[in-house]
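Breakdown of the fold
Listed below, chain by chain, are the residues.
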Amino acid sequence: MASSEIKQILGELNTDSFITLLTKLIGETKYLQNNPPELIPEEDRVVNHLLEILSPLSTTAGGGPLKINHVAYYPKRGNLIVEYPGTEPGKVVSFVGCHMDVVTANPSDWEFDPFSLSIDGDKLRGRGTTDCLGHVALIAELMKKLGETKPILKSTVVAVFIANEENSVITGIGVDGLGKAGLLDHLKGGPLYWIDTADKQPCIGTGGVIPWKLHGTGKLFHSGLAHKAINALEMTMEALKEIQLRFYKDFPPHTKEEVYGFATPSTMKPTQWSYPGGGINQIPGDCTISGDVRLTPFYDVAECMKKLQEYVDDINSNIEKLDTRGPVSKYVLPDENIRGRLAITFDEANNGVACDLNSRGFHVLCKATEEVVGHVKPYSITGSLPLIRDLQDDGFDVQTAGYGLTATYHARNEYCLLTDMCQGYQVFASIIAQLED
């Protein structure tokens, strides 16, 4: 079937049907918030709405062409795999990453109800409209249209709606569980489009992330007797400065970052500060600075963590050489045989992703974007999409795109634009059509 004929059959997004479905999905978001242990989402609430429109077109329930597999590894937290079969074995295009959980929302902080869809002109407002229920509804409408129109395609078209993208406290129940079970292996036969970014352009690079905590231990004492204290605040501040200086020397801007259009190079910075508390006239003996490293994908997070540990070990061995603050500021008390000490710990770290710019999947996405949006300008950010690196390492041709808005991602008063979603549908149709040639 000619690509022009396929695009004509798929046509444009049925906005009435899309909004009807999205209204139902956003209406479930109060129960889709992912912040364990307080909030554990029930993604099957979304699955049920998807099955309502897709099951009548399935091989089992409706005698239609769609193959549907509802896969759950945790109660009420299913994934949904929907396939429209093609004629050539092994030839496939997939749209993955549309997740059915959302980040939390406090209604008192919003200008409108986050847990119901409201429409303001072109704006579709509510938690999940950009990230990622707008995409869930969009891909569902695409699969529905394929099931209704039954075009003869060489490629099998697969949509994978996943659970548990927004939080990694509970693992093995989303795309990681599907991958471990081998349920995605057949998608290696063609490009895999991860639909969970924004702004209608190909996102070709993401950052690795290393959450860290730097704990400093000094000696608590009266502020009026500063010579008998080791000020944990001063010591840890100075240590962090030294660690950052070494980090930026060892992980400078990479030459490939310009090719990929990264907005920033690798960074290491503090974002949180804590200490046990006490009076203002007490010099604290303990404190913790927390933050993260955002590492462009041309560096390895394991190597970076090794370096950070080496920095801390070296500073501990030479703590008396660390810069001080004032005539009695010190980090060693020889008479008491006390030395200030630092410890660095890490939470779960993940490498970034650099998409294959030579793959057909990338070129098809670029052509479709230019054709529909009017221009193509791939971009990269040091935001993290850890799940897709695992897929890339397993041999998938991962490309990423999305049709929400970066400005409202995880934000208060989240919204997307209906016109952007309409363009996203046309991009998907163009991708399917191009891959037939």
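Here we summarise the structure given alongside this text.

Cut-offs used in this document
Chains are numbered independently. Their residues run from 1 in the order of the written sequence. Given that this is a predicted model, residues contribute local features only at a pLDDT of at least 70 and side-chain atom pairs are listed and counted only at 80 or more, while totals for whole chains, interfaces and linings are drawn from all residues. Here the side-chain values reflect all heavy atoms present in the structure, with hydrogen atoms and water set aside. Planes of paired rings set the category: under 30 degrees apart is stacked, over 60 is edge-to-face and the rest tilted, where pairs are Phe, Tyr or Trp rings (Trp by its six-membered ring) whose centres lie within 6.5 Å. A run of H or I in DSSP counts as a helix once it spans at least four residues, and a run of E counts as a strand once it spans at least two, with each numbered from the N terminus. Definition of nonpolar core: a set of buried residues of the types Ala, Val, Leu, Ile, Met, Phe, Trp, Tyr and Cys, connected through side-chain atoms within 4.5 Å. Only protein chains enter the accessibility calculation, which uses a 1.4 Å probe. A residue is then buried if its area is under 20% of the maximum for its type, exposed if over 50%, and partly exposed in between. When checking whether two residues touch, look at their non-hydrogen atoms; a contact exists if any pair is within 4.5 Å. Patch membership requires over 30% relative accessible area and the absence of a salt bridge. Like charges are linked within 9 Å, and nonpolar side chains (Val, Leu, Ile, Met, Phe, Trp, Tyr) within 5 Å. Calculation of accessible area relied on Shrake-Rupley with a 1.4 Å probe; when residues are assessed, cover is drawn exclusively from the protein chains displayed. A pair is scored as a salt bridge if a Lys or Arg side-chain nitrogen falls within 4 Å of a carboxyl oxygen belonging to Asp or Glu. One bridge is not enough; two strands pair if DSSP finds at least two bridges between them. Axis definition: a line fitted to C-alpha atoms, limited for helices to the stretch in contact. Angles are taken between N-to-C directions and run from 0 to 180 degrees. When charges are counted, Lys and Arg contribute as positive and Asp and Glu as negative, whereas His and the chain ends are disregarded. For the purpose of locating charges, the reference atoms are NZ of Lys, CZ of Arg, CG of Asp and CD of Glu.

**Quick word on the packing of aromatic side chains**
Inspection of every chain in the model, using the stated rule, returns 9 aromatic pairs. Where Phe262 meets Phe298, the ring centres are 6.0 Å apart and the plane angle is 85°; that geometry is what we call edge-to-face. With Phe262 in the loop between α7 (255–260) and β11 (267–274) and Phe298 in the loop between β13 (286–295) and α8 (301–317), the pair connects residues that are 36 residues apart, well separated along the chain. Joined through ring pairs, the aromatic side chains of Phe95, Tyr193, Tyr403 and Phe428 make up one cluster.

**Here's the deal with the nonpolar core**
Counting 60 residues, the largest nonpolar core has Phe18, Phe95, Phe161, Ile431 and Ile432 as its most contacted members. Apart from residues lying up to four places away in sequence, Phe95 is in contact with Ile139, Leu142, Val157, Val158, Ala159, Val160, Tyr193, Ile195, Phe428, Ile431 and Ile432. Among the nonpolar cores identified, the runner-up in size contains 28 residues, and Trp212, Ile230, Val293 and Leu322 belong to it.

**Observations regarding the side chain of His135**
Secondary-structure assignment places His135 in helix α4 (residues 133–149). Among residues more than four places away in sequence, those in contact with His135 are Cys98, Thr130, Ile195, Asp196, Thr197, Gly402, Tyr403, Gly404 and Met421.

**Description of a nonpolar patch on the surface**
Taken together, the side chains of Met237, Trp273 and Tyr275 present a nonpolar region at the surface, about 300 Å² in accessible area. Its place among the elements puts Trp273 in strand β11. The class for Trp273 is partly exposed, based on a relative accessible area of 39%.

**Here's the deal with the sheet that holds strand β5 (residues 123–125)**
Taking strand neighbours across the sheet as the criterion, the 3 strands line up as β4-β5-β20 in an open arrangement whose pairing is antiparallel. Both outer strands of the open sheet, β4 (118–120) and β20 (415–417), are each paired with one neighbouring strand and no more. Ignoring which end each strand starts from, the neighbouring axes of this sheet average 25° apart.

**Focus on a negative patch on the surface**
A surface patch of like charges, here negative, comprises Asp176, Asp185, Glu348, Asp390 and Asp394. Within the secondary structure layout, Glu348 lies in the loop between β16 (341–346) and β17 (353–354). Residue class for Glu348 comes out partly exposed when judged on its relative accessible area of 48%.

**What about the sheet that holds β16?**
Strand order in the open sheet formed by 4 strands is β11-β13-β9-β16, with antiparallel pairing between adjacent strands. On the outer flanks of this sheet lie β11 and β16, each paired with one strand and no other. Neighbour-to-neighbour, the strand axes of this sheet turn through a mean angle of 25°, independent of strand direction. Against the sheet, helix α6 (residues 232–250) touches β9 (208–217), β11, β13 and β16, its axis set at about 165° to β11. Docked against the sheet, α8 engages β9, β11, β13 and β16, running at close to 170° with respect to β16.

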